[in-house]
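Chain by chain, the residues run as shown.
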Amino acid sequence: MAVFSDLYLDYQQEHWGTQLLWPVWVWTLHVPERRRDGLNVLAFTVLRLHAAGCDDPDWIAEHLGVDGELIRYIVGAELIANGLLDQKRRLTQLGTKQLERSGEGSLQQRAALLFQSAESSTLWPRQQGALREIEPIDLDARYPSFLADRDSGQILSPFVLSPANRDVPPRPSIAEFRDALRQDRIARRHQRLRASGGRDPDGLPSDAIELIDPHPRPAWVLCRVYKGPTDEHPWLVSDPLGQTRAANWMRKEVFEASRRVPALARRLGRLLGETEEKEDWETYRRREDEQVRFEVFERFPAADRIPGLEDRLVELLRVRATVTAAGSHKRTEEVGNLIIQCQRTLEQCFLWLLKHWPLERPGDRLSRQMRVADLQQALGCAVPALSKCFIEGMRVQPSKVYGALRHGTGSLRQYLAGVLLSLVDHRQHPFGLVAPDQDLMLRLLALSQDRDAAGHGGDQHTAQPDRQLALRHADTALDIVERLMEGILEDGQKQTR
């Protein structure tokens, strides 16, 4: 197995369960050990070059032997952000004073190792300060085994996952490296707060980067899959870098790899007590459930901010999968159920928005006696991008919108009207990324109209929606939730700055 690498790493504290050797690419970053008032050597050199009139990042990168993206990062995130250069990359008075101090301050560096999965090309949200190597018992063996404990003589014979692609991957961006360092710092802080880790020898004071080695090193990292407690998931995967007990992001990696590699699926099946003849290591329903939950986890990272939304999305995606698999079969009940799930998912979002971004002075701006024309005019003023076709197609009574806002009881369009009216009161409203999209809003309107047909059996004017239409409505609901998640994450980032 040394074709990919002969470097084996082990950061595990425990070695029970099913052992895996995971292929990774190890990137070495050079980061500041600590910072004082001054700049590191590279940033100081870049500042001096700008003072001398050399502000071309590619020229600087070529002459310093580093990556151009790193130079742009230093200029934007450090020199301009700290007021040493202005927006036109010219030296400021503060920058001049910094040069006069001759770049004093801490110039110490340390290595931070970041790991990129050779299976998924994902950069793990963890870092380590050193390679913790382990040596196989027999260097010439096709499948390596290791001595886990000298006292007990326990031998580890892990499953070796051959990487899907052995080519050196493109280097992650500076932003991806910084995000991985940031997530590692958050995980370490949470660990200390839980009093489960105590000291933090590899902690980073910031996500600053001073240098990145141009070539990653291939390696295998030991991790394990084990049965979870009854109140958690049936199976868990350890954090391969030992930062936390279990890692959801690593469980997703293992799950996806098991779908590609039948031998891994069988190995995990034995762990969970299924017969060896079965190629699937969970029942079909469990596999489907896992796939859906992983999709929610990946596509809607902020879904947990809205209580109950994750379960709504799981049900919506599950019904959508059933309707998709039905093919040409009508499955009228499932088609109708799919649209109803779309409506329930969006209502869950809109009710939460109305609670956290409420309409200011609703008694002054909305009343039971309000005319429909006045409500339509208010909607147009709240969101000028809304078309006349959309506003008239809403067909909502002011009294019912008023009741929906006061008591939280109503229908999809009534909640939507309240959300649209509240956009005027909140500049950073997450739905502000959705409302200006006229095409998406018209699709939402069509969804709500077909939901009426699906929920009430239709009438002489409205036929039951067909399968393709229901799938389009599902895409509409998921697109809206995805856009809404972007707005929630963006608002959260602005609040933490």
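Reading the values: rules and limits
Residues numbered from 1 in each chain as written. Predicted model: local features only at pLDDT ≥ 70, side-chain atom pairs only at ≥ 80, totals over all residues. Heavy atoms only, no water. Helix = DSSP H or I, 4+ residues; strand = E, 2+ residues; numbered from the N terminus. Buried < 20%, exposed > 50% of the residue type's maximum accessible area, 1.4 Å probe, protein only. Contact = heavy atoms within 4.5 Å. Areas by Shrake-Rupley, 256 points an atom, 1.4 Å probe, with all protein chains shown as cover. Axes fitted to C-alpha atoms, helices over the stretch in contact; angles between N-to-C directions. Parallel < 35°, antiparallel > 145°, perpendicular 65-115°, else oblique. Left-handed = near helix turned anticlockwise from the far one by under 90°. Pairing = 2+ DSSP bridges. Salt bridge = Lys/Arg side-chain N within 4 Å of Asp/Glu carboxyl O. Patch = residues over 30% accessible without salt bridge, like charges linked within 9 Å, V, L, I, M, F, W, Y side chains within 5 Å. Polar contact = N/O pair within 3.5 Å; in protein donor to acceptor, adjacent residues only side chain to side chain. Phe/Tyr/Trp six-rings, centres within 6.5 Å; stacked < 30°, edge-to-face > 60°. Lys NZ or Arg CZ within 6 Å of the ring centre and 35° of its normal.

Draft legend 1. Representation of the overall build of the chain within the structure. Looking only at helices and strands, one finds 17 helices and ten strands in the chain. A burial count over the chain gives 47% of its 497 residues as buried. Relative to all contacts within the chain whose residues are 6 or more apart in sequence, the contacts with residues 24 or more apart total 71%. In the form shown here, the chain has an accessible surface area of approximately 25,300 Å², with 46% of it arising from carbon and sulfur atoms.

Draft legend 2. Representation of the packing of helix α2 (residues 57-64) against helix α3 (residues 68-80) in the model. Where α2 contacts α3, the axes come no closer than 8 Å and their chain directions differ by 120°. On the basis of the axis angle, α2 is oblique to α3. Crossing hand, α2 versus α3: right-handed. On α3, the residues touching P57, D58, I60, A61 and L64 of α2 are G68, I71 and R72.

Draft legend 3. Molecular detail of the pairing of strand β2 (residues 18-32). In terms of burial, β2 is largely enclosed, as 15 of its 15 residues are buried. When β2 meets strand β9 (residues 217-227), the two strands line up antiparallel, connected through nine bridges. Bridge pairing in β9 links Q19 to R224. Across two bridges, the pairing between β2 and strand β7 (residues 159-160) is parallel. In the strand pairing of β7, L21 is matched with V160.

Draft legend 4. How the structure looks around the packing of helix α1 (residues 41-51) against α3. Running from N to C, α1 and α3 cross one another at 85°; their axes reach a closest spacing of 10 Å. It follows from the interaxial angle that α1 and α3 lie roughly perpendicular. Contacts from L42, A43, V46, L47 and H50 of α1 reach α3 at L70, I71, I74, V75, E78 and L79.

Draft legend 5. Main features of the pattern of salt bridges. On inspection of all chains with the given rule, the structure shows 16 salt bridges. Among the salt bridges present, the one from E119 reaches R260, with a minimum N-O distance of 2.8 Å. Here R260 lies in helix α6 (residues 248-260) and E119 lies in the loop between β3 (109-117) and β4 (123-128), a separation of 141 residues in the sequence. By relative accessible area, which is 16% here, E119 ends up buried. In this structure, R318 engages E315 in a salt bridge whose closest nitrogen and oxygen atoms are separated by 2.8 Å. Pair noted here: R318 and E315 are both in helix α9 (residues 309-325), with a separation of three residues, about one helical turn. R318 gets classed as buried once you look at its relative accessible area, which sits at 13%. In this structure, a network of salt bridges that share partners links the residues R299, D439, R443, D479 and E482.

Draft legend 6. Region of interest: a nonpolar patch on the surface. Side chains of I137, L147 and I155 sit close together on the surface and give an oily, nonpolar patch of about 270 Å² of accessible area. Along the chain, the position of I155 falls in strand β6 (residues 154-156).

Draft legend 7. Examining the environment of D179 more closely. Here D179 is to be found in helix α5 (residues 174-193). D179 sits 56 residues away from L123 along the chain, and the two C-alpha atoms are 9.5 Å apart. Side-chain polar atoms of D179 contact the side chain of R182, separated by 2.6 Å.

Draft legend 8. Structural context of the environment of E490. Inspection of the secondary structure assignment puts E490 in helix α17 (residues 467-496). On the basis of relative accessible area, E490 is assigned to the partly exposed category, the value being 36%. Through-space distance from the C-alpha of E490 to that of H429 is 10.0 Å; in sequence the pair is 61 residues apart.

Draft legend 9. Molecular detail of unusual backbone geometry. You will see that S121, though not glycine, has its phi angle at about 65°, which is positive. Looking at the secondary structure, you find S121 in the loop between β3 and β4. With a phi close to 50°, R395 is a non-glycine residue in the positive phi region. Relative to the assigned elements, R395 resides in the loop between α13 (388-394) and α14 (398-407).

Draft legend 10. Representation of the packing of aromatic side chains within the structure. Counted according to the given criterion, the structure contains ten aromatic pairs. Where F4 meets W25, the ring centres are 5.4 Å apart and the plane angle is 80°; that geometry is what we call edge-to-face. Of the two residues, F4 is situated in the segment before β1 (8-9) and W25 in strand β2; the sequence distance between them amounts to 21 residues. Aromatic pair Y8 and F146: ring centres 5.4 Å apart, planes at 65°, arrangement edge-to-face. Linking Y8 in strand β1 with F146 in strand β5 (residues 146-149), this pair joins segments that are 138 residues apart in sequence. F146 matches Y8 in its accessibility class, with the two residues each being buried. Members of the aromatic cluster, each reached through a chain of ring pairs, are Y11, F115, W124 and W249. In this arrangement the basic side chain of R224 is found over the ring face of W16, its NZ or CZ atom lying 4.5 Å from the centre. Between the NZ or CZ atom of R224 and the centre of the ring of Y226, over which it lies, the distance is 4.4 Å.

Draft legend 11. A look at α1. Taken as a whole, α1 has its buried residues at L42, A43, F44, V46, L47, L49 and H50. Here the buried face of α1 lies against α2, α3 and α4 (93-100). Count one or two residues on from α1 and you reach G53, which has phi positive near 95°.

Draft legend 12. Examining the side chain of Q116 more closely. Within the secondary structure, Q116 sits in strand β3. Look at Q116 and you get buried, because its relative accessible area is 4%. Within polar-contact distance, the side chain of Q116 engages the backbone oxygen of S121 at 3.1 Å. Beyond its immediate sequence surroundings of up to four residues, Q116 is in contact with V24, W25, W27, S121, T122, L123, P169, P170 and P172.

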